[in-house]
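Remarks on the overall topology
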Amino acid sequence: MDIPQSYRPEEAEPRMQRRWAEQGTYHFNPTDRRPIFAIDTPPPTVSGALHIGHVYSYIQAEAMVRYRRMRGYAIYYPFGFDDNGLPTERYVEKTHGIAARDVGREAFTEACLSTTREVEARFEAFWQRLGISADWRLRYSTIDERARRTSQWSFLDLYRRGRIYRAQAPGPWCCTCGTAIAQAEIDDIERDTVFSTLCFALAEGDGTVEIATTRPELLPACVAIFVHPEDARFQHLVGRMATVPLLGHAVPILAEPTVEREKGSGAVMCCTFGDTADVAWWQAHGLPLIPLVGRDGRLGAHGGAYAGLTLAQARRQILADLGEAGALLGQRPARQSIRVHERCGTPLEILESSQWFIRVLDMKDELLAAGRAIAWHPEHMRARYEHWVENLGWDWCISRQRFFGVPFPLWRCASCGQVVLADEAQLPVDPLRAAPPRPCPCGGPLEPDPDVMDTWATSSVSPQIAGQLLDQPELFGRLFPMALRPQAHDIIRTWAFDTIVKSLLHHGQIPWRTLLVSGHVLTPRHEKLSKSKGNASADPDALIARYGADAIRYWACSGGTGADQLFDEDVIRRGAKLVNKLWNAARLIGRAEPRGVAAAPPTPLDRAMLSWLQRLIQQATASMEAYSYTAALDATERFFWSSLCDNYLELAKGRLYDGDEAERERVALTLRELLGTLLRLLAPFLPHITEEIYVQLYAAEGESIHTGGWPEADPGQIDEESERAGEAVMAILAQARRWKSERRLGLATPLASITAGAPAALHPALAACEADIRSGTRAARVALAVASSPQLLAAD
């Protein structure tokens, strides 16, 4: 069969994608009774453009999905978009040049909805262009009706189980985003700072206490001074009072064993609140609360003369005033670890506020056991999960003081504080618009909760959303626990952890059987590619236009599970080269189409190639089963380039073009089996080129390589004796090529004769391969001699 001379991915790939869509190649059939392989696919955040880092992780998982489809599973592969919460809000604010609180809830929500619709359409087109084999009929978003309904059902279920509570407590607050955040959304960074040593006068009698602090702006909220009980410098001061400079109020000097004696001056002021130590001391010692910092990051009324200033302004002014008052004794530079909001990088404050929490601190043992019941790839990533669980310090805060999210399905009584929950029949419900289902028993007025859920409170029920728990419970029972959760390693503490929490609380079991963890793509400076950092310069659309989707997929699958990888365009070029070589090999093999005549018996070389092919199938299958897709791709590619293209095709050309009909038929049949198997082994990674060749050379009408089955090794074809003969032929060919290269002769240069040496036991097999040896070496005659190992003894 004649195959066109050149392969043009910009034309062929969209054509294959249209074919898959028209034929429903990737559609899930709910009546299919085969075992289901369901994927809890990461819904990418709708916050601008996708970068090459997204491609890296999504394609690795998608290749595994394609493998499972070929192994005969009914694939349930939904695709979602994470379009509610802070990332989307910040993107909309930046895109439209607005602030949520300035334009109001309704107008801002509409701006978010219209923006996300446009971005999601663009994202879907991109993923389809990349060949993602999802069933796009199952698409969802985390703000659509099903997601809101499922999220609100989750809240009601956990509330009734006693797992959700509301508390007025100090917690991390982002003044830029204007909301409380959860422990999992906190990053630690190092920065330069200054230790300022302040002088506190004793309230009675002579004497002073020196306090070294990095946060003089919190001086108005100072409620105590703490010293270590065994620090001889301060033992005589415990129980006395000191006066806060500039502010004038007196605070007690107290003993606290957790004070670090070597840090600063050894005495530390406790403010409400500078850090978690302040919170712990405030609670342990029953200290008063001075709510100094407002939700907008400015000092409130308790700031006195500094009220209304931002924290930075207050810091400068207070230091200046301390200097004038003689209370600033000195300053020195220092390095400091601070906590910032991962979404925007703003240093966090600790403010007291009323928030909704899910109780998780009492679940640590259960959560650790659940993590160990899941297969992690790579296994060592489970340690990150366990470390997070073991070091949990707070229950999970799920409320946010923002607009674009899932509302809490409840109303609170302004008179008695009782909560009235929505009925499930109302879901999804917006309490700001809908009436409560019943009055409060006390008869007081009911007020809607204005907060929205944390985006992770919705993402944590992605298996229930994607699996249609509330709409198709019978189907959900077949899907859950899902087979696979693919995700990046940086959200183990959020998405993986939160989903496990919800699954245990709702269903009493793990959410998925396997967790595939991907790494990040790094810049040349070894930074993670990130839209927010503005360092994602490799445009995936441009790369696809230049090299084709399969070449990009090849690059993505060259990185192992959990491994961070530098972006290297040379690997993409190597992928494009592989695609072109496949096409050229297919053109040659297509022209050698079997004619249906009686074939000659296979030579030892033919049998060796088919034997090695069975071993390759075994190796690739074992690698894919272990989620070592990189090993499977590497082994298959090496076989294609070396064993097939560089060696067998050259060796067998003589029989193919100059042999009799029977010899030609044997080579054609062998080539057809080799190429057909290699195409199927490469199909999860290079779905377009493999489908294009398969359709032209192998497929009946309407067939797809992606549903045609993964190769099964035939142990009966493994022939060690033929493999030894094949290795000998390859060794002789390699030495003949080296001989020509050393003499600056082209590889196609004809030779009058060669003498090949080999152990006598191999001579019969080598004699049977004489035509192949002559073809590969371009020798007119081949003589055999006895030698200890296969080698070229002479050539002329």
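Everything discussed here concerns the structure shown above.
A brief structural summary.

Calculation notes
- Residues numbered from 1 in each chain as written.
- Predicted model: local features only at pLDDT ≥ 70, side-chain atom pairs only at ≥ 80, totals over all residues.
- Heavy atoms only, no water.
- Helix = DSSP H or I, 4+ residues; strand = E, 2+ residues; numbered from the N terminus.
- Buried < 20%, exposed > 50% of the residue type's maximum accessible area, 1.4 Å probe, protein only.
- Contact = heavy atoms within 4.5 Å.
- Areas by Shrake-Rupley, 256 points an atom, 1.4 Å probe, with all protein chains shown as cover.
- Lys, Arg positive; Asp, Glu negative; His and termini not counted.
- Charge placed at Lys NZ, Arg CZ, Asp CG, Glu CD.
- Phe/Tyr/Trp six-rings, centres within 6.5 Å; stacked < 30°, edge-to-face > 60°.
- Lys NZ or Arg CZ within 6 Å of the ring centre and 35° of its normal.
- 1 Å grid on protein atoms, 1.4 Å probe; cavity = no way out; pocket = protein on both sides within 12 Å on 5 of 7 lines; lining within 4 Å.
- Points joined across faces, edges and corners; volume = space filled by probe spheres on them.
- Nonpolar A, V, L, I, M, F, W, Y, C, P; charged D, E, K, R; others polar.
- Core = buried A, V, L, I, M, F, W, Y, C linked by side-chain atoms within 4.5 Å.
- Axes fitted to C-alpha atoms, helices over the stretch in contact; angles between N-to-C directions.
- Parallel < 35°, antiparallel > 145°, perpendicular 65-115°, else oblique.
- Pairing = 2+ DSSP bridges.

The subject of this paragraph is the overall build of the chain. Looking only at helices and strands, the chain features 24 helices and 28 strands. Summarising its shape, the C-alpha atoms of the chain cover approximately 115 × 60 × 45 Å along the three principal directions. Buried residues in the chain amount to 56% of all 796 residues. When contacts within the chain are restricted to residue pairs at least 6 apart in sequence, long-range pairs at least 24 apart make up 78% of them. Looking at the chain as shown, the accessible area adds up to about 32200 Å², and 49% of this sits on carbon and sulfur atoms. In the chain, 86 positive and 98 negative side-chain charges are present, and the distance between their average locations comes to 3 Å.

Time to look at the packing of aromatic side chains. Evaluation of the coordinates by the stated rule reveals 27 aromatic pairs. Taking the centre distance of 5.5 Å and the plane angle of 45 degrees together, the rings of Y56 and W555 count as tilted. With Y56 in helix α2 (residues 52-70) and W555 in helix α16 (residues 549-556), this residue pair connects regions lying 499 residues apart in the sequence. Considered together, Y56 and W555 belong to a single accessibility category, that of buried residues. Pairwise contacts between aromatic rings join Y58, F79, F81, F123, F126, W127 and W136 into one cluster. A cation sits over an aromatic face here: R101 above F403, 5.2 Å from the ring centre. A cation over an aromatic ring shows up here: R485 above the ring of W495, its NZ or CZ 3.2 Å from the ring centre.

A few words now on the layout of surface pockets. It is the rolling of a water-molecule-sized probe over the atoms that shows where space remains empty. One number sums up the size of the second largest pocket: a volume of about 1300 Å³. In this structure, the second largest pocket is lined by 44 residues; those nearest its centre are T214, R215, G274, D275 and Q336. When contributions to the lining of the second largest pocket are tallied by element, the ones reaching two or more residues are β7 (186-202), β8 (208-213), β12 (267-271), α7 (276-285), α8 (311-324), β13 (328-341) and β14 (349-358). Class assignment of the residues belonging to the lining of the second largest pocket gives a composition of 21 nonpolar, 10 polar and 13 charged.

What follows covers the nonpolar core. With 119 residues, the main nonpolar core has W127 and W555 as its most contacted residues. The element best represented in this core is helix α19 (residues 629-658), accounting for 13 residues. Sequence-distant contacts of W555, defined by excluding residues within four places in its chain, comprise I52, V55, Y56, V521, Q565, L566, F567, D568, V571 and I572. One finds I164, A182, L479 and I510 within the second-largest nonpolar core, a separate group that totals 63 residues.

Now for the packing of helix α17 (residues 569-591) against helix α21 (residues 687-697). Close contact between α17 and α21 brings their axes to 10 Å; oriented N to C, the two are set at 10 degrees. Between α17 and α21, the angle falls in the class roughly parallel. Where α17 approaches α21, its residues V579, L582, W583, A586 and G590 are matched on the opposing element by I689, E692, I693, Q696 and L697. Looking at the contact of α17 with α21 residue by residue, the classes come out as 7 nonpolar, 2 polar and 1 charged.

This brings us to the sheet that holds strand β27 (residues 779-786). Across the sheet, 3 strands lie side by side as β27-β26-β28; this open sheet has mixed pairing. Strands at the two margins of the open sheet, each flanked by one partner only, are β27 and β28 (791-795). Ignoring which end each strand starts from, the neighbouring axes of this sheet average 30 degrees apart. Helix α22 (residues 720-742) contacts β26 (751-758) and β28 of the sheet and is inclined by roughly 45 degrees relative to β28. Across the face of the sheet, helix α24 (residues 770-777) comes into contact with β26 and β27 while running at roughly 120 degrees to β27.

Without other data, these values stay purely geometric and don't point to any function.
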